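Structural features, examined
Each chain, letter by letter, is given below.
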Amino acid sequence: VQLQASGGGLVQAGGSLRLSCTDSGRSLRSMNMGWFRQAPGEAREFVAAISRGITNTKYSDSVKGRFTISRDNAKNTVYLQMNNLKPEDTAVYYCAANRMVLSSYWHFDEDDSWGQGTLVTVSS
């Protein structure tokens, strides 16, 4: 799995961005997918996850109500719609994929597949 994240950029506080994650070589249909972010000098943190199949979703408290994770299996793409962005959302955003059982779909570790990051900068 070679994940590719895109859609980052510079946006003013209160604005919106949509990130995309795809894989040109393999289907993501059978994968649980997640978004993580890492701000400068900070540890990487969980943002959102979506399961395969019945598409359960999970969010960190810091983005709940503002971000929405979704997937379009026909386009082999997972999205992160980010609304009402805040300066503290500034980070490099990464997508990840795992094959965990559905009861642990949000659990990702270094052994899973990770894409390159896309930078999101939110100005105040």
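Small disclaimer: the values here were computed from a predicted structure and weren't measured. The residue numbers shown here count from 1 along each chain, following its written sequence. Local features are withheld for residues below a pLDDT of 70 in this predicted model, meaning they are given only at 70 or higher, and side-chain atom pairs are given and counted only at 80 or more; totals for whole chains, interfaces and linings count all residues. No hydrogens and no water enter the side-chain calculation; it runs on all heavy atoms of the structure.

**Looking at the sheet that holds strand β3 (residues 17-23)**
Within a sheet, each strand pairs with its neighbour through backbone hydrogen bonds, oriented either parallel or antiparallel. Just so we agree on the cut-off: One bridge is not enough; two strands pair if DSSP finds at least two bridges between them. Runs of H or I in DSSP of at least four residues are treated as helices and runs of E of at least two as strands, each being numbered from the N terminus. The axes used here are C-alpha line fits, helices contributing only the stretch in contact, and every angle between their N-to-C directions lies in the interval 0 to 180 degrees.
Spatially, β1-β3-β8-β7 is the arrangement adopted by the 4 strands of the open sheet, whose pairing is antiparallel. Each edge of the sheet is formed by a strand with only one pairing partner; in this case those strands are β1 (3-6) and β7 (67-72). If you compare each strand with its neighbour and ignore which way they point, the axes differ by 15 degrees on average. Bridge count for β3 against strand β8 (residues 77-82) is 6 bridges, and the pairing is antiparallel.

**Notes on the state of the cysteines**
Just so we agree on the cut-off: In plain terms, two cysteine sulfur atoms within 2.5 Å form what is called a disulfide here. Accessibility here uses a 1.4 Å probe with only protein chains present; expressed as a share of the type maximum, an area under 20% marks a residue as buried, one over 50% as exposed, and anything in between as partly exposed.
Taken as a whole and judged by the stated rule, the model has 1 disulfide. With a sulfur-sulfur separation of 2.2 Å, Cys 21 is cross-linked through a disulfide to Cys 95. Judged by the sign of its S-S torsion, about 65 degrees, the bond between Cys 21 and Cys 95 is right-handed. One end of the pair, Cys 21, is in strand β3; the other, Cys 95, is in strand β9 (residues 91-98), and 74 residues separate them in sequence. For the residue pair Cys 21 and Cys 95, the accessibility class agrees, reading buried in each case.

**Some details on the environment of Leu 102**
Put simply, the rule is: Two residues form a contact once any of their heavy atoms are found within 4.5 Å.
Note on placement: Leu 102 falls in the loop between β9 and β10 (113-114). Accessibility expressed as a relative area gives 34% for Leu 102, which makes it partly exposed. Between the C-alpha atoms of Leu 102 and Thr 57, which are 45 residues apart in sequence, the distance is 11 Å. Apart from residues lying up to four places away in sequence, Leu 102 is in contact with Asn 32, Ser 51 and Arg 52.

**Considerations on the packing of aromatic side chains**
Spelled out, the test is: Under the pairing criterion, centres of Phe, Tyr and Trp rings, with the six-membered ring standing for Trp, must be within 6.5 Å; the plane angle then separates stacked pairs below 30 degrees from edge-to-face pairs above 60, leaving the rest tilted.
Inspection of the entire model under this criterion finds 5 aromatic pairs. When the ring of Tyr 105 is compared with that of Trp 106, the centres are 5.2 Å apart and the planes differ by 85 degrees; the resulting orientation is edge-to-face. Accessibility expressed as a relative area gives 5% for Tyr 105, which makes it buried. Accessibility expressed as a relative area gives 35% for Trp 106, which makes it partly exposed.

**Points about the nonpolar core**
The condition that has to hold: Among buried residues, those of type Ala, Val, Leu, Ile, Met, Phe, Trp, Tyr and Cys that are joined through side-chain atoms within 4.5 Å constitute a nonpolar core.
By size, the foremost hydrophobic cluster in this structure holds 27 residues, and its most contacted members are Met 33, Trp 35, Leu 80, Met 82 and Tyr 93. Listed by contribution, the elements that provide at least two residues to this core are β1, β3, β4 (32-38), β5 (45-50), β7, β8, β9 and β11 (118-123). The leading source of residues in this core is β9, at 4 residues. With residues up to four places along the chain from it excluded, the contact list for Leu 80 reads Leu 17, Arg 18, Leu 19, Trp 35, Val 47, Ala 48, Phe 67, Thr 68, Ile 69 and Tyr 93. With 5 residues, the next largest nonpolar core counts Phe 36, Ala 49, Ala 96 and Tyr 105 among its residues.

**As for the pattern of salt bridges**
The condition that has to hold: In the sections that follow, a salt bridge refers to a side-chain nitrogen of Lys or Arg positioned within 4 Å of a carboxyl oxygen of Asp or Glu.
What the rule picks out here adds up to 5 salt bridges. With a closest N to O distance of 2.6 Å, Arg 37 and Glu 45 form a salt bridge. A residue is classified by how much of its surface remains accessible, and Glu 45, at 35% relative accessible area, is partly exposed. Residue Asp 89 pairs with Arg 37 through a salt bridge whose shortest N-O separation is 2.9 Å. Of this pair, Asp 89 sits in the loop between β8 and β9 while Arg 37 sits in strand β4; the two residues are 52 residues apart in sequence, bridging distant segments of the chain. Taking the relative accessible area as the measure of exposure, Arg 37 reaches 5% and is therefore buried.

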